[in-house]
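Here are the chains, one letter per residue:
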Amino acid sequence: MSKTIRIGTRDSQLALWQAKAVQSLLEKLGHQTELVPVKSTGDLVLDRPLHELGITGAFTKTLDIAMLNNDIDIAVHSLKDVPTVLPIGIVQAAVIKRGNIKDTLVFKNNEEFLSSKEAIVATGSLRRRAQWLNRYPTHTVVGLRGNINLRLQKLEENQDWNAAIFAAAGIGRLGITPEDAVNLDWMIPAPAQGAIMVAALEEDEEIRAICAEINHEETEICTTIERKFLNLLEGGCSAPIGALAYINKNEEVVFKGVLLSPDGTKKIEVTRTEKLGGHHNIAQYCSNYIIERGGKKLMDGIKNQNKKTNVYSTKSLTEGQEQLFNEGIVATSNDAIKISLNRITPATLKAPIKNAIITSKNAVEAILTNCTAEELNFENIYCVGRRTKRMVEKRIGKVTHSENNAKDLANYLVEYIDGTEATYFCSDLRLDYLPIILSENNIKVNEIEAYQTKFDAIEVDENIEGIMFFSPSTVQSFIKKNHGNGIAFCIGESTALEAKKHFEDVRVAKVPTVESVIELVNEHYI
């Protein structure tokens, strides 16, 4: 090639070292080259962690633009900094032989702090932070940004810090690995850590052909697996994901992957070995393994941690229920009420009861905690709610009649009850509709307090747009700590009646189920 190859690079010391390594390989093949240093977004913003910049390609975006503008012919990157999906028109042209893949702990004084309950370790990487806290949960991890020399200087100047974590390849390539340093063999590195990548324009076939001559096939195979694993987990700089692939002496590809929660309390690992040549599905298999074992929930939590919460649920939602929300809806939840079952004397339960009224599953649990179903002597059973009815018929006996709310059941009983007396298994916080309506119509109500409802709502952000309620008592509990702002999404009419005392906009689900309330929320956010 007659023209000079313009090599785009960041202007940091390490980036220039990497660009010169590529330059040397190209010049050994007889090509003329020129280094073109370019400032990047990642280098210019040092006051915030990288994952808060909002762009996964913080160190590559500026070089991508320079290449698309034809200001440079190729760009040299640390492959671990490159987004797994490249901009349209740009391709990976080469990966040169990989350096040290490990993370290195640089410590002050000695390593005794590792056995201490309290210690301070610095890193700007979520992956390193999460793995460190998983191994040393009582330690404190603080942020650390800047070029390698600046980070080493900050470690030296901060008297309270015990150590900081660096990429072994980085400090090794600059020849500044301190004596007080040790490789962290247990820590899984970032995907493609230690690898240098060359990017080129897809349309520039001549440049791509030249770059192919310096490509290292083994490094390409391993880093491709690691980056595909990262891509399938939908991770980037903002996710604590580690991945390492290598080829052993038996011509086998060995892969290790890990996904953690940012605080290190949750960790999902996977290991897979395949013969070289049959390794192409390793990344797919391992990402599926992680996802199926709770990885999706972990990733969703990471993605949503900086998003504004749209909806708060007064009932803790299962993972399956959380997945029913439309994309863009962020829901938080906790149990706004806690239930405590009361002791009911066996004699009370075993006595003949002509008309038993059961309005919740908690009442069923309370009854069966104090007496077996065979010992009960209920002639007629009246219920509120589809799920309560289902539970009664499964565990106690046939239900005579049920309604969706207590008020409708009371009106039904006024017309059709067998006799003039009923026994109501209720909560200490039950609504008055049923006993008042029955009493006004000369039907005697014997109330048995089957369980206690304790308020346990949390204080939520006033800007939350919607609250999901599942019983009148969840409304009462919520209002103890919060104002009636936003939309009240209610499971049924009784709950809605209570919500209308505090909320202007109250909506009721089509059927009294958690899933139907979620559907109601989804309809609002279409």
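Notes on the structure in this doc start here. On a predicted model such as this, the values are computed, not experimentally measured, just so you know.

### A short note on the overall build of the protein chain
Next up, step 1: Within the protein chain, the secondary structure is distributed over 18 helices and 24 strands.
Next up, step 2: A globule of 526 residues ought to have a C-alpha radius of gyration of about 24 Å, yet the protein chain, at 32 Å, is considerably larger.
Next up, step 3: Oriented by its inertia axes, the alpha-carbon framework of the protein chain measures out at about 105 × 55 × 50 Å.
Next up, step 4: Counted over contacts in the protein chain with a minimum sequence separation of 6, partners at least 24 positions apart contribute 64%.
Next up, step 5: For the protein chain, the exposed surface amounts to about 25,200 Å²; the carbon and sulfur share of it is 45%.

### Examining the sheet that holds strand β10 (residues 196-201)
Next up, step 1: Across the sheet, which stays open at both edges, the five strands sit in the order β2-β1-β3-β10-β4 with mixed pairing between neighbours. Two strands lie at the open edges of the sheet, namely β2 (33-38) and β4 (90-96), each paired on one side alone. Averaged over all pairs of adjacent strands, the angle between strand axes in this sheet comes to 30°, irrespective of strand direction.
Next up, step 2: Bridge analysis of strand β1 (residues 5-10) against strand β3 (residues 74-78) gives two bridges, and the strand direction is parallel. Across the sheet, Ile7 pairs through a bridge with Ile74, a residue of β3.

### What to know about the side chain of Arg127
Next up, step 1: Its location among the elements puts Arg127 in helix α4 (residues 126-135).
Next up, step 2: From its side chain, Arg127 meets the backbone oxygen of Ile188 in a polar contact 2.8 Å long.
Next up, step 3: Those residues in contact with Arg127 that lie beyond four places of it in its chain are Asp103, Met187, Ile188, Pro189, Ala190, Gln193, Pro240, Ile241 and Gly242.

### Considering the nonpolar core
Proteins that are soluble and globular tend to have nonpolar side chains buried together.
Next up, step 1: Counting residues in hydrophobic clusters, the biggest one holds 23 residues, and the most contacted among them are Ile225, Phe229, Ile241, Phe255, Leu259 and Ile290.
Next up, step 2: Elements with a contribution of two residues or more to this core: α8 (217-232), β11 (241-247), β12 (252-260), β13 (267-275) and α9 (282-304).
Next up, step 3: Of the residues forming this core, the biggest block, seven residues, is contributed by α9.
Next up, step 4: Leave out the neighbours within four places in its chain, and Ile225 touches Ala245, Val253, Phe255, His279, Ile282 and Ala283.

### Examining the packing of helix α14 (residues 406-416) against helix α15 (residues 433-440)
Next up, step 1: Running from N to C, α14 and α15 cross one another at 20°; their axes reach a closest spacing of 8 Å. When the axis of α14 is compared with that of α15, the two are roughly parallel. Where α14 crosses over α15, the handedness of that crossing is right-handed. For the pair α14 and α15, the contacting residues are Ala406, Lys407, Leu409, Ala410, Asn411, Leu413 and Val414 in the first and Tyr433, Leu434, Ile437 and Leu438 in the second.
Next up, step 2: In terms of residue class, the contact of α14 with α15 is built from nine nonpolar, one polar and one charged.

### Considering the packing of aromatic side chains
Next up, step 1: If you walk through the whole model with that rule in mind, you get eleven aromatic pairs.
Next up, step 2: When the centroid spacing of 5.9 Å and the interplanar angle of 45° are considered together, the rings of Trp132 and Trp186 count as tilted. Placement of the pair is Trp132 in helix α4 and Trp186 in the loop between β9 (181-183) and β10, with a sequence separation of 54 residues.
Next up, step 3: Under the relative-accessibility criterion, Trp132 is labelled buried at 1%.
Next up, step 4: Both rings, one in Phe469 and one in Phe503, keep their centres 5.5 Å apart while their planes meet at 65°; by these two values the pair is edge-to-face. Linking Phe469 in strand β22 (residues 466-469) with Phe503 in the loop between α17 (493-499) and β24 (505-508), this pair joins segments that are 34 residues apart in sequence. In this pair, the class of Phe469 matches that of Phe503, namely buried.
Next up, step 5: Following the ring pairs from residue to residue traces out a cluster consisting of Tyr312, Phe469, Phe478 and Phe503.
Next up, step 6: Taking the ring centre of Tyr285 as reference, the NZ or CZ of Arg272 above it sits at 3.7 Å.
Next up, step 7: In this structure, Arg293 is placed above the aromatic ring of Tyr289, and the distance from its NZ or CZ to the ring centre is 3.6 Å.

### Examining the pairing of β3
Next up, step 1: Counting buried residues along β3, five of its five residues qualify, which places the element largely inside the surrounding structure.
Next up, step 2: Alternating residues of β3 divide into Ile74, Val76 and Ser78 and Ala75 and His77, and every residue in both groups is buried.
Next up, step 3: In this structure, β3 lies alongside β10, joined through five bridges in antiparallel fashion. Its bridge partner lying in β10, His77 is registered against Met197.

### Regarding the pairing of strand β18 (residues 378-384)
Next up, step 1: Where burial is concerned, most of β18 is hidden: six out of the seven residues are buried.
Next up, step 2: Note that strand β17 (residues 353-358) and β18 share five bridges and pair parallel. For Ile358, the partnering residue across the bridge sits in β18 and is Cys383.
Next up, step 3: For the crossover from β17 across helix α12 (residues 361-370) to β18, the handedness is right-handed.
Next up, step 4: Sheet topology places β18 next to strand β19 (residues 401-403); three bridges connect them, and they run parallel. Residue pairing across strands places Tyr382 opposite His401, the latter belonging to β19.
Next up, step 5: The parallel pair β18 and β19 is bridged by helix α13 (residues 386-395), and the resulting crossover is right-handed.

### What to know about the sheet that holds strand β23 (residues 487-490)
Next up, step 1: The five strands lie next to each other as β15-β14-β22-β23-β24, forming an open sheet whose pairing is parallel. The open sheet has two edge strands with one neighbour each: β15 (331-333) and β24. For this sheet, the mean inter-axis angle between neighbouring strands, taken without regard to orientation, is 20°.
Next up, step 2: In this sheet, β24 lies alongside β23 in parallel orientation, the contact comprising four bridges. Bridge pairing links Ile487 to Asp505 in β24.
Next up, step 3: The strands that helix α18 (residues 514-524) touches are β14 (311-313), β22, β23 and β24; relative to β23, the one it contacts most, it runs at about 145°.

### Considerations on α12
Next up, step 1: The set of residues buried in α12 consists of Ala363, Val364, Ala366, Ile367 and Asn370. Along the axis of α12, the buried positions cluster into a sector of 165°, meaning they face one direction only.
Next up, step 2: Of the residues flanking the start of α12, the one acting as N-cap is Ser360, its side-chain oxygen 3.4 Å from the backbone nitrogen of Asn362.

Reading guide: rules and limits
- Residues numbered from 1 in each chain as written.
- Predicted model: local features only at pLDDT ≥ 70, side-chain atom pairs only at ≥ 80, totals over all residues.
- Heavy atoms only, no water.
- Helix = DSSP H or I, 4+ residues; strand = E, 2+ residues; numbered from the N terminus.
- Rg over C-alpha atoms; globule rule 2.2 N^0.38 Å.
- Contact = heavy atoms within 4.5 Å.
- Areas by Shrake-Rupley, 256 points an atom, 1.4 Å probe, with all protein chains shown as cover.
- Pairing = 2+ DSSP bridges.
- Axes fitted to C-alpha atoms, helices over the stretch in contact; angles between N-to-C directions.
- Polar contact = N/O pair within 3.5 Å; in protein donor to acceptor, adjacent residues only side chain to side chain.
- Core = buried A, V, L, I, M, F, W, Y, C linked by side-chain atoms within 4.5 Å.
- Buried < 20%, exposed > 50% of the residue type's maximum accessible area, 1.4 Å probe, protein only.
- Parallel < 35°, antiparallel > 145°, perpendicular 65-115°, else oblique.
- Left-handed = near helix turned anticlockwise from the far one by under 90°.
- Nonpolar A, V, L, I, M, F, W, Y, C, P; charged D, E, K, R; others polar.
- Phe/Tyr/Trp six-rings, centres within 6.5 Å; stacked < 30°, edge-to-face > 60°.
- Lys NZ or Arg CZ within 6 Å of the ring centre and 35° of its normal.
- Right-handed = clockwise from strand over helix to strand, strands pointing away.
- Arc of directions from axis to C-beta.

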